[in-house]
Amino acid sequence: MTRILEARSDEAMAIREAIALLARGLPVAIPTETVYGLAADATNPDAIARIYEMKGRPRFNPLICHMADLPMAERHVIFDPLSRRLAEVFWPGPMTLVLPVRETSPIHPLARAGLDTVGVRVPSGMAGRLLAALDRPLAAPSANTSGGISPTTAAHVAADLGKKLELVLDAGPARIGLESTILKVENGAIRLLRPGGLDVADVEALTGTLVVRPHGAGAAIEAPGMLASHYAPAAGVRLDATSVFPGEALIRFGGRSLPGEERAAIVLDLSPTGDLREAAANLFGYMKEADRSGAASIAFAPVPVHGLGEAINDRLRRAAAPRE
Ligand code: TXA
Ligand code: MG
């Protein structure tokens, strides 16, 4: 069974315990500001293989490698000037940059799925301090079974991976609640590989250039390993609902009621005040709560597409996609 260790009361002790397991090649679930991650030493192929095994990943996708800070990242990947500028401004934070790996980096090819690039992120908070103490990169996908909903609390992690995992560090609910935004600079242009917790508008405001969405605004974004069906609850998902069928779960937005909601199994509002940040933080937890209501279908009212709404709508489309 998984031990949930309340890590905020004695953080130094919690970090020591996590490092002891990581050094033995065992994955540990750690809090980040985006979602809880299933972390393992990115230089140890056995440890990385255990991540794929625990998640039941259908194939080897490249994993994001977490670093303590920019100098540590510089030891493993090669920065172009624009990527370095993004790193200086947005790290630590919910942004991943895909960059060429240095030949001298010990990051194992299994973590990169054989690519000659690495997705690198510097998380804030306890994960950042753990990485500084460890002084080596951690590969960490979201700490959930492949295809399921990403965990935003330690309890979510334990409920999902409890049989296989030794330790979860608990630092409370994830502040942002959506995975990082993944960017890749190519020929001086910034490409969006996955919308996420960093608002693309902030990137555009900083650089004065438009971020390139490969499939046009609103389309699902493809990065290696991003399956169309993903983030799926057990219940079916119905998008753009304008009314609720009896017995459905309803997840609405902005305090707006829908006809029929009095007969819904449960009614949840991502943000009664219409705040997209709050909606992002609540999204995955509310999907789990809607599942627990036992409803066979979850109706989602429309969520605006601007700001973090882009990432929220990306996750909703994946949750609603035909399952494999
Ligand atoms: O917020 C997050 O990013 C969370 C927390 C735990 O930090 N982590 C996360 O990691 O979502 P992960 O491993 O599930 O993200 C993997 C995705 C891949 O499916 C792919 O889309 C992209 O990151 N990726 C990783 N390395 C890449 C690379 N070299 N080239 C292109 N995409 C890459
Ligand atoms: Mg995931």
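Residues numbered from 1 in each chain as written. Chains lettered and ligands numbered in written order. Predicted model: local features only at pLDDT ≥ 70, side-chain atom pairs only at ≥ 80, totals over all residues. Heavy atoms only, no water.

Draft legend 1. Representation of the pattern of salt bridges. This model, assessed by the stated rule, comprises 17 salt bridges. For Arg-121, the salt bridge goes to Glu-33, with nearest N and O atoms at 3.3 Å. Residue Arg-121 is found in strand S6 (residues 117–121), and its partner Glu-33 is found in the loop between strand S2 (28–30) and strand S3 (37–41); the two are separated by 88 residues along the sequence. (Salt bridge = Lys/Arg side-chain N within 4 Å of Asp/Glu carboxyl O. Helix = DSSP H or I, 4+ residues; strand = E, 2+ residues; numbered from the N terminus.)

Draft legend 2. Here's a closer look at the packing of aromatic side chains. Counted by the stated rule, this structure contains two aromatic pairs. Between the aromatic rings of Phe-79 and Trp-91, the centroid separation amounts to 6.2 Å while the plane-to-plane angle is 90°, which identifies the pairing as edge-to-face. Taken as a pair, Phe-79 in the loop between helix H3 (70–76) and helix H4 (81–90) and Trp-91 in the loop between H4 and strand S5 (95–100) lie far apart in primary sequence, twelve residues in all. Phe-79 sits in the buried class, given a relative accessible area of 8%. On the basis of relative accessible area, Trp-91 is assigned to the buried category, the value being 8%. Ring centres of Tyr-231 and Phe-284 lie 5.5 Å apart, and the angle between their planes is 5°; this geometry places the pair in the stacked category. (Phe/Tyr/Trp six-rings, centres within 6.5 Å; stacked < 30°, edge-to-face > 60°. Buried < 20%, exposed > 50% of the residue type's maximum accessible area, 1.4 Å probe, protein only.)

Draft legend 3. Helix H6 (residues 126–134), seen in detail. Regarding H6, the residues found buried are Met-126, Ala-127, Gly-128, Leu-130, Leu-131 and Leu-134. The inward-facing, buried residues of H6 contact helix H1 (11–23), S2, strand S4 (64–66), strand S7 (138–139) and strand S8 (167–170). One or two residues past the end of H6 sits Asp-135, with phi positive at roughly 60°. (Contact = heavy atoms within 4.5 Å.)

Draft legend 4. Spatial organisation of the nonpolar core. If you look at the biggest cluster of nonpolar residues, it comprises 68 residues, and the most contacted ones within it are Phe-79, Leu-86, Trp-91, Leu-97 and Leu-183. The contacts of Leu-97, once residues within four sequence positions are left out, are Phe-79, Ser-83, Leu-86, Ala-87, Trp-91, Val-118, Gly-119, Val-120 and Leu-183. Residues Ala-279, Ile-298, Ile-312 and Ala-319 belong to the second largest nonpolar core, which totals 29 residues. (Core = buried A, V, L, I, M, F, W, Y, C linked by side-chain atoms within 4.5 Å.)

Draft legend 5. Molecular detail of the sheet that holds strand S12 (residues 249–252). Across the sheet, four strands lie side by side as S11-S14-S12-S13; this open sheet has parallel pairing. Two strands lie at the open edges of the sheet, namely strand S11 (236–238) and strand S13 (266–269), each paired on one side alone. Sheet twist, expressed as the mean angle between neighbouring strand axes with direction ignored, is 20°. Here S12 runs beside strand S14 (residues 297–300); their pairing, made up of three bridges, is parallel. In the strand pairing of S14, Ala-249 is matched with Ile-298. (Pairing = 2+ DSSP bridges. Axes fitted to C-alpha atoms, helices over the stretch in contact; angles between N-to-C directions.)

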